[in-house]
Amino acid sequence: QHGQLPEGSIASDLLSAEIVDLCTILSRLTTNFRIQVLSQLPSFPRFLTALCTMGQWLLESNLAECQSVEGDVECMEGLDWRNDAIAQILQCSDAMGDDYWLASGTGGQEAATASQALASMLAPLYGPYCMCR
């Protein structure tokens, strides 16, 4: 099952809770500190990489699970927690993309650099997201 632990096992339940918690933390960081602050941190590229990697893995897992049950969404295991985690990543991406600092044009070159980094992070998620929908 695409690198997953058996559904219902203690390890699987703990892993799913940890993944949702991680995505929630990343989303809250974005909401609380905004992209203007985050983009100044040396760890900003790693932050975006974590979002992208986690998002790709979640979307690919959802797609693999959907294919394994031949599209019967009611039979998909782990769908709820994966959708919760994906929703957190989408909320985080939306908060960064809608940030006034990026949209207003007042951020200068720093905003342009942050915008490019954000676009690079979001681009790989678009195809898998569309496939999962």
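In this report, the structure presented in the accompanying data block is examined. (Residues numbered from 1 in each chain as written. Predicted model: local features only at pLDDT ≥ 70, side-chain atom pairs only at ≥ 80, totals over all residues. Heavy atoms only, no water.)

**Some thoughts on the overall build of the protein chain**
Put simply, the test is: Numbering goes from the N terminus for both helices and strands, where a helix is a DSSP run of H or I of at least four residues and a strand is a run of E of at least two. The contact criterion used throughout is that any non-hydrogen atoms of two residues lie within 4.5 Å. Lys and Arg are tallied as positive, Asp and Glu as negative. Neither His nor the chain termini are counted. The atoms used to mark charge sites are NZ of Lys, CZ of Arg, CG of Asp and CD of Glu.
The helix and strand inventory of the protein chain stands at five helices and zero strands. Mapped in sequence order, the helices and strands of the protein chain form the string α-α-α-α-α. The principal-axis extent of the C-alpha atoms belonging to the protein chain is close to 50 × 30 × 20 Å. Counting only contacts in the protein chain whose residues sit at least 6 apart along the sequence, the fraction spanning at least 24 positions is 70%. The distance from the centre of the 5 positive side-chain charges to the centre of the 16 negative ones in the protein chain is 9 Å.

**Section: the packing of aromatic side chains**
Stated precisely, the cut-off is as follows: Aromatic pairing here means that ring centres of Phe, Tyr or Trp (its six-membered ring) are within 6.5 Å. Orientation follows from the plane angle: under 30 degrees is stacked, over 60 is edge-to-face, and everything else is tilted. A positively charged side chain is recorded as over a ring if its NZ (Lys) or CZ (Arg) lies within 6 Å of the ring centre. The angle to the ring normal must also be within 35 degrees.
Here the structure, examined in full by the defined rule, presents two aromatic pairs. Measuring from centroid to centroid gives 6.4 Å for Phe-44 and Phe-47, while their planes differ by 20°, and the two rings are stacked. Within this pair, Phe-44 and its partner Phe-47 are both found in helix α2 (residues 44-68), separated by three residues, close to a single helical turn. The positively charged end of Arg-82 is found above the aromatic ring belonging to Trp-81, 5.7 Å away from the centroid.

**Digging into α2**
Going by this rule: Here the expected span of a helix is defined as 1.5 Å times the quantity of residues minus one. A simple rule labels every residue: compare its accessible area, found with a 1.4 Å probe on the protein chains alone, to the largest value its type can have, and call it buried under 20%, exposed over 50%, or partly exposed in between.
The terminal C-alpha atoms of α2 lie 36 Å apart, and with 25 residues this matches the ideal 36 Å at 1.5 Å per residue to within 8%. Every buried residue of α2 is accounted for by Phe-44, Phe-47, Leu-48, Leu-51, Cys-52, Met-54, Gly-55, Leu-58, Leu-59, Ser-61, Asn-62 and Glu-65. Backbone geometry just after α2 places Glu-70 at a positive phi near 55°.

**Considerations on the nonpolar core**
Heads up, the rule is: To qualify as a nonpolar core, a set must consist of buried Ala, Val, Leu, Ile, Met, Phe, Trp, Tyr and Cys residues joined through side-chain atoms within 4.5 Å.
Counting 27 residues, the largest nonpolar core has Ile-35, Phe-47, Leu-48, Leu-51, Leu-58, Met-96 and Met-121 as its most contacted members. Counting only elements with at least two residues in this core, the list comes to α1 (10-38), α2, α3 (79-97), α4 (100-103) and α5 (108-132). At eight residues, the largest contribution of residues to this core is made by α2.

**Considerations on the pattern of salt bridges**
Opposite charge on two side chains lets them pair, provided their charged atoms get close. Definition in use: Salt bridges are counted wherever a side-chain nitrogen of Lys or Arg sits within 4 Å of a carboxyl oxygen of Asp or Glu.
Per the stated rule, a full pass over the model turns up one salt bridge. Here Asp-99 and Arg-34 are joined by a salt bridge, their closest N and O atoms 3.2 Å apart. With Asp-99 in the loop between α3 and α4 and Arg-34 in helix α1, this residue pair connects regions lying 65 residues apart in the sequence. Its relative accessible area of 34% is what places Arg-34 among the partly exposed residues.

Geometric values such as these leave the question of function open.
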